[in-house]
Amino acid sequence: MTLDSRALLAVVAGFVFAQGAQVEVVPREALVLPGQNVTVMCRVGVPLQYCRVEIPNMRPLNLNAKLSNPDVAYYGSGLSAGQCGFTINKVTEKNNGPVRCMLGIETEATESTGTVQLIVAKAPRIPEMDLSRGTDSLNIYKLNDVLQASCVVRDGRPVANISWYLNEEPLYNSEVSMPTIMELAKENLQTKVQNMTRVLQATDNGKSLRCVAFHPAYPEGRAETSRQLDVKYAPLPQADLHKFGYIVGQPGLITVVLEANPRPIIEWEIGSEKLRENQNDQTGRLEAEEVKDMGSGRFDVSLRIAAIKKEDTERTYTLRAYNDMGSYDYTVIISTSPEPEGIELGIGGIIGIVVSILVVLFVVFLLVFAKVTSRWCFSEQPDTRNLGESSDTESADVRHRDPHKFPIKLTQFFKKSKDKVASTEDVEPKKLDEEVKEPLEGDGDPKEAGLVYAELDLVSPSSVKPVVKKDDEKTEYAEIVYTPQDGDKA
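Values in this document were obtained by computation on a predicted structure and should not be read as measured data.

J.: Looking at this structure, how should I read the sheet that holds strand β20 (residues 241–243)?
T.: Read from one edge of the open sheet, 5 strands run β20-β29-β28-β22-β23, paired in mixed fashion. Since the sheet does not close on itself, it has two edges, and those belong to β20 and β23 (273–275), each with one partner. In this sheet, neighbouring strand axes are inclined to one another by 25° on average, regardless of whether the strands run parallel or antiparallel. Relative to strand β29 (residues 326–334), β20 runs parallel, the two sharing 3 bridges. Looking at β29, one finds that Lys-243 is bridged to Ile-334.

The following block contains the structure:
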């Protein structure tokens, strides 16, 4: 071994010697509230000579199974088992910080040390919220204003967690920024700051923006601060309103629920007359009632009719509502007809119906195509009964047709083809009589007369060769009419 290698081994041995044996500590970090107890275990794999514990704001303690202390008690199976455990019976805020256990081992010249971080929880201050000003540099916001808010939770141990809510609805990462944590090193206290940005909507009006802080040292585990939002906007538009179920001769009430902030001023326009709140028309039949505030920017506006007449259902009622933010005219039409029943379909429902109709049309098309081309479930099996009556050339022609060609003829929808060998039942009676009478002009028995069909094979049997005809070639047939004679055998 060279001198350099010996020197390196000496340095490593000296480092291990100085560090001592490795100590296993459970837990590595403990979070407790003031007044609670906590138990820590430090152990090694060899017997111990002694177990010494250092706790912040307390004098070092020498512990074993025989020594007891009113504040700290030994815990474990004994020094001989290599265990140096202890329980702090009542933790105070002054005990916050690193707790060390120093273990004396017979074969080690230095102490082996283990450390646990003891965190004594301290409740932070109540959350503080700061809001940006509105577009008019006031705490009044308009529709589509960008609201910026900041929440600060100061001097907690450990740091508090922050969540944002609009009433009970949580605000998510798209509107909430990453928090900033600031630490006060002297007392190990931490402060958290988190910002929130939101584009204000009409539905935000009247809701509470809440910053909720969660911490184990809070009395109920949480504390919060909130601000109610005041969002100004003009009366919101609505489609034409159709009211049903009015009865001629009976009183009627036309009601419109509108949304606006601040409270709108209303005016009913019926023909040439205009009525404001608590006003009647010239006849006294129509009365504009006082606007009812339903909260959260919603208002109930009603027009009362003493007795419905037919002409009341033939006119259009216009409600004009306006405030500092703008105005809107609502159109109302009333009818004596009952309210139509039906299901209001959304875009998804309409798309589903259209897709279903297309699928049905596609299936019908496939069935018609299969019927015309005699495919799939409409394919016809060859009829073995007429095999003897078909010609060889026709059979060959059918066998060698291109299976990929499916000619479609419109005549197949309206006309059914006749068999080449037709029975006499398919022939009209008048035509059949004419065909039968011509050969029966002799003295033969009419009952023995008839039609005989035969195919002529113009090729001698010895020279028969299989011939495959093209699609455009035709097969010709000859018809022989035989008239029985008196001396012929039946």
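J.: Hey, could you run me through the state of the cysteines in this one?
T.: Taken as a whole and judged by the stated rule, the model has 3 disulfides. A sulfur-sulfur separation of 1.6 Å characterises the disulfide bridge that pairs Cys-51 with Cys-84. On the sign convention where negative means left-handed, the S-S torsion of about 50° between Cys-51 and Cys-84 marks this disulfide as right-handed. Separated by 33 residues along the polypeptide, Cys-51 in strand β4 (residues 50–54) and Cys-84 in strand β7 (residues 83–88) bring together distant segments of the chain. Each member of the pair, Cys-51 as well as Cys-84, carries the same accessibility label: buried. Note that Cys-151 is cross-linked by a disulfide to Cys-211, the S-S spacing being 1.7 Å. A torsion of -75° about the S-S bond marks the disulfide between Cys-151 and Cys-211 as left-handed.

J.: In this structure, what is going on with the nonpolar core? I would like to understand it.
T.: Nonpolar side chains in soluble globular proteins generally cluster together in the buried interior. Core analysis: the largest hydrophobic core is formed by 28 residues, its most contacted members being Val-53, Leu-63, Cys-84, Phe-86, Ile-88 and Leu-118. Going through the elements one at a time, β2 (29–32), β3 (38–43), β4, β6 (72–75), β7, β8 (97–104) and β9 (112–120) are the ones with two or more residues in this core. When residues no more than four places from it in sequence are discounted, the contact partners of Val-53 are Pro-60, Leu-61, Leu-63, Cys-84, Phe-86, Val-99, Arg-100 and Cys-101.

J.: Looking at this structure, how should I read the pairing of strand β28 (residues 316–323)?
T.: Each regular strand displays side chains that alternate between the two surfaces of the sheet. Of the strand pairs in this sheet, strand β22 (residues 265–270) and β28 are connected by 6 bridges, and their pairing is antiparallel. By the bridge assignment for β28, Ile-270 is matched with Tyr-317. The pairing of β28 with β29 spans 8 bridges and is classified as antiparallel. Bridging across to β29, Asn-323 finds its partner in Gly-326. The hairpin formed by β28 and β29 contains 2 residues between the paired strands.

J.: Help me understand the pairing of β9, please; the structure alone is not making it clear to me.
T.: Examined bridge by bridge, β2 and β9 share 4 bridges and lie parallel to one another. Across the sheet, Ala-30 pairs through a bridge with Leu-118, a residue of β9. As defined by bridge partners, β8 adjoins β9 across 7 bridges and the pair is classed as antiparallel. Across the sheet, Val-99 pairs through a bridge with Val-116, a residue of β9.

J.: Would you mind going over the side chain of Arg-210 with me for this structure?
T.: Looking at the secondary structure, you find Arg-210 in strand β17 (residues 208–214). For Arg-210, a relative accessible area of 9% translates into the label buried. Separated by 2.6 Å, the side chain of Arg-210 and the backbone oxygen of Asn-167 make a polar contact. Polar contacts involving the side chain of Arg-210 include one to the side chain of Glu-224, which spans 3.0 Å. Those residues in contact with Arg-210 that lie beyond four places of it in its chain are Met-129, Ser-163, Trp-164, Tyr-165, Asn-167, Glu-168, Arg-222, Glu-224, Thr-225 and Ser-226.

J.: Looking at this model, I keep getting lost on the environment of Ala-213. Mind explaining?
T.: In this structure, Ala-213 sits in strand β17. Accessibility expressed as a relative area gives 0% for Ala-213, which makes it buried. Separated by 21 residues in the primary sequence, Ala-213 and Lys-192 place their C-alpha atoms 9.7 Å from one another. Not counting the four nearest positions on each side in its chain, Ala-213 is found in contact with Pro-127, Val-153, Asn-161, Tyr-218, Gly-221, Arg-222 and Ala-223.

J.: Would you mind showing me how to read a nonpolar patch on the surface here?
T.: On the surface, Ile-351, Val-355, Val-359, Phe-362, Val-363, Phe-365, Leu-366, Leu-367 and Trp-376 cluster together into a nonpolar patch covering about 870 Å² of accessible area. Topologically, Phe-362 is positioned in helix α2 (residues 347–373).

J.: Got a minute to help me understand the environment of Gln-190 in this structure?
T.: Within the secondary structure, Gln-190 is located in strand β16 (residues 189–199). On the basis of relative accessible area, Gln-190 is assigned to the buried category, the value being 18%. The spacing of Gln-190 and Asp-155 is 35 residues in sequence and 5.0 Å in space, taken between C-alpha atoms. In contact with Gln-190, other than residues within four places in its own chain, are Val-153, Arg-154, Asp-155, Gly-156, Pro-158, Val-159, Ile-181, Met-182 and Glu-183. In this structure the side chain of Gln-190 is engaged in a polar contact, spanning 2.9 Å, whose partner is the backbone nitrogen of Val-159.

Here is what the cut-offs are and how they apply
- Each chain has its residues counted from 1, following the order in which its sequence is written.
- A pLDDT threshold of at least 70 governs which residues receive local features in this predicted model, and a stricter bar of 80 or more applies before side-chain atom pairs are shown or counted, although totals over entire chains, interfaces and linings include all residues.
- Only hydrogens and water are set aside when side-chain values are computed; all heavy atoms of the structure are taken into account.
- Pairing between strands is defined by DSSP: at least two bridges between the two strands are required.
- Only DSSP runs of H or I with at least four residues qualify as helices, and only runs of E with at least two residues qualify as strands; both kinds are numbered from the N terminus onward.
- Axis angles are defined between N-to-C directions and span 0 to 180 degrees, where every axis is a line fitted to C-alpha atoms and, for a helix, only to the segment in contact.
- When two cysteine sulfur atoms lie within 2.5 Å, the pair is treated as a disulfide.
- Classification of residues uses two cut-offs on accessible area relative to the type maximum, computed with a 1.4 Å probe and protein chains only: under 20% is buried, over 50% is exposed, and between them is partly exposed.
- We define the nonpolar core as a collection of buried residues of types Ala, Val, Leu, Ile, Met, Phe, Trp, Tyr and Cys that are connected through side-chain atoms lying within 4.5 Å of one another.
- Here, residues are in contact when the closest pair of their heavy atoms is within 4.5 Å.
- Here a polar contact is recorded for every N or O atom pair within 3.5 Å, except that within protein the pair must consist of a potential hydrogen donor and a potential acceptor, and residues adjacent in sequence are included only if both atoms are side-chain atoms.
- Think of a patch as exposed residues, more than 30% relative accessible area, with no salt bridge, where like charges cluster within 9 Å and nonpolar side chains (Val, Leu, Ile, Met, Phe, Trp, Tyr) cluster within 5 Å.
- Calculation of accessible area relied on Shrake-Rupley with a 1.4 Å probe; when residues are assessed, cover is drawn exclusively from the protein chains displayed.
- Any carboxyl oxygen of Asp or Glu that lies within 4 Å of a side-chain nitrogen of Lys or Arg is treated as forming a salt bridge with it.

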